[in-house]
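Each chain is listed here by its residues.
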Amino acid sequence: MSKRNVLKAKLDIIFKKLFTENIQLLIDLLSSLLEIPIESIKNVKIKNSEILPDSIEGKFVKMDINMEVDGKLINIEMQYGKDYNYKERTLFYWSKLYCNELKSGEGFEDLKQSICINIVNFPIFDCKEYHSHFAVMEKNRHEVLTDKCAIHFFELGKISKNANKHNKKELWLQLINAETEEEFEMLNQSGVAPIQEAVYIIYQMSEDEKIQEAARIREKALHIEATNMRGARQAGIQEGIQKGVQKGAVDIARKLLKRNRPPEEIAEDTGLAIEEVRALSVNG
C-alpha cells in the first residue's frame, strides 16, 4: 500500500483553508491555544475567509485569519518561513488590529481586547518553552497595564513528538507541525475527536489535485521569498563589514598622517587609494 503524499497544515494556505472552512475546529483550536473553556466561545465571525487566486503566488501575502470572537479581536498567523523581523512585524499587526476597529465618534473605552496568535515554524526565543505570552506591564512590579494587549507565540520546533491525548494544545500544535502520514496516524490514534476530524479533512484535501497544486505553488512562492530575504540579509551584512573595514582603514590613515608618514606608504599599508589618503591630509 503506497503512502499518502500528505499536505502540511503549517503551510499557510492549507492552515487557512482547514480552519476557515471548519469553524468548530477553529473554535477548538482557539480554546486550546488560549486555554479558555470551549463552551465560553459563543460567536466567531471570520473577516477574511477568502483565499484569492492571486494570493497563492504572492510571495509577501499575509495568509492570516482575522476574526471577532465574542467582542474580542483575534488574529492567527501561521508563519512558515523564517522572518528575521517577525517580533516587530507582529507588534505592528497587533497595533493595526487594536486601532483600526475604533470608529469615528467612539471613545477609547470602546477599544476591544486584541489578541495576536503567531504559530511559527522557526525558533524565535532562546528558551525551552514552546509558548510565549506577552502583555504590556510595569517593568519592576510586573503590573499589567491593560488586558487589551495579548501577543502569543507558539514555536513548532519545540513541540514534543509524543502525542498526549490529555494535552489538546500540544495535539493541535503537533497536527499543525506534522509532515508525514505516520505522524498524522499517531495523532489519529489519540482518540481525540476534533484532532481525528482534522486528520480526516487533511487526508481529503491531500487527495484533491487542485488543492495539491495550489499548495505546491504556494510553497514555491514562500521558498523564493525566503531565498530572497536571506540574500538581502547576507548582502546587508557584507555591506556592513565592508563599511567597517573602510572606516578602520580611514582611522588608521588619519593616525599615520599625524605621524607624518608619506601618503604613498599609507596607501600601500591601508589599501586606500592614494587620492583618498591625500584628501584626508587636506580635510583632516
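Residues numbered from 1 in each chain as written. Predicted model: local features only at pLDDT ≥ 70, side-chain atom pairs only at ≥ 80, totals over all residues. Heavy atoms only, no water.

Caption draft 1: Looking closely at the sheet that holds strand β1 (residues 44-46). Pairing in this open sheet of 6 strands is mixed, and the strands run β1-β2-β3-β4-β6-β5 from one edge to the other. Of all strands in the sheet, those bounded by a partner on one side alone are β1 and β5 (131-134). In this sheet, adjacent strand axes meet at a mean angle of 20° when their direction is disregarded. Two strands pair when backbone bridges link them, and strand β2 (residues 65-69) and strand β3 (residues 72-79) are joined in this way by 5 bridges, in the antiparallel orientation. (Pairing = 2+ DSSP bridges. Helix = DSSP H or I, 4+ residues; strand = E, 2+ residues; numbered from the N terminus. Axes fitted to C-alpha atoms, helices over the stretch in contact; angles between N-to-C directions.)

Caption draft 2: Main features of the pattern of salt bridges. All chains considered together, the criterion is met by 15 salt bridges. Between E77 and R89 there is a salt bridge, with the nearest N and O atoms lying 2.3 Å from each other. You can see E77 sitting in strand β3 and its partner R89 sitting in helix α4 (residues 86-99), a full 12 residues away along the chain. With a shortest N-O distance of 3.0 Å, E155 and K158 are connected by a salt bridge. Several salt bridges converge on common partners, so that one network encompasses K47, E68, E101 and K112. (Salt bridge = Lys/Arg side-chain N within 4 Å of Asp/Glu carboxyl O.)

Caption draft 3: Summary view of the packing of aromatic side chains. If you walk through the whole model with that rule in mind, you get 10 aromatic pairs. Look at Y86 and F122: their rings are 6.0 Å apart centre to centre, the planes differ by 90°, and that puts the pair in the edge-to-face class. One end of the pair, Y86, is in helix α4; the other, F122, is in the loop between β4 (114-120) and β5, with 36 residues separating them in the sequence. Considered together, Y86 and F122 belong to a single accessibility category, that of buried residues. Taken together, the ring pairs in this structure connect Y86, F122, F125, F134 and F153 into an aromatic cluster. (Phe/Tyr/Trp six-rings, centres within 6.5 Å; stacked < 30°, edge-to-face > 60°. Buried < 20%, exposed > 50% of the residue type's maximum accessible area, 1.4 Å probe, protein only.)

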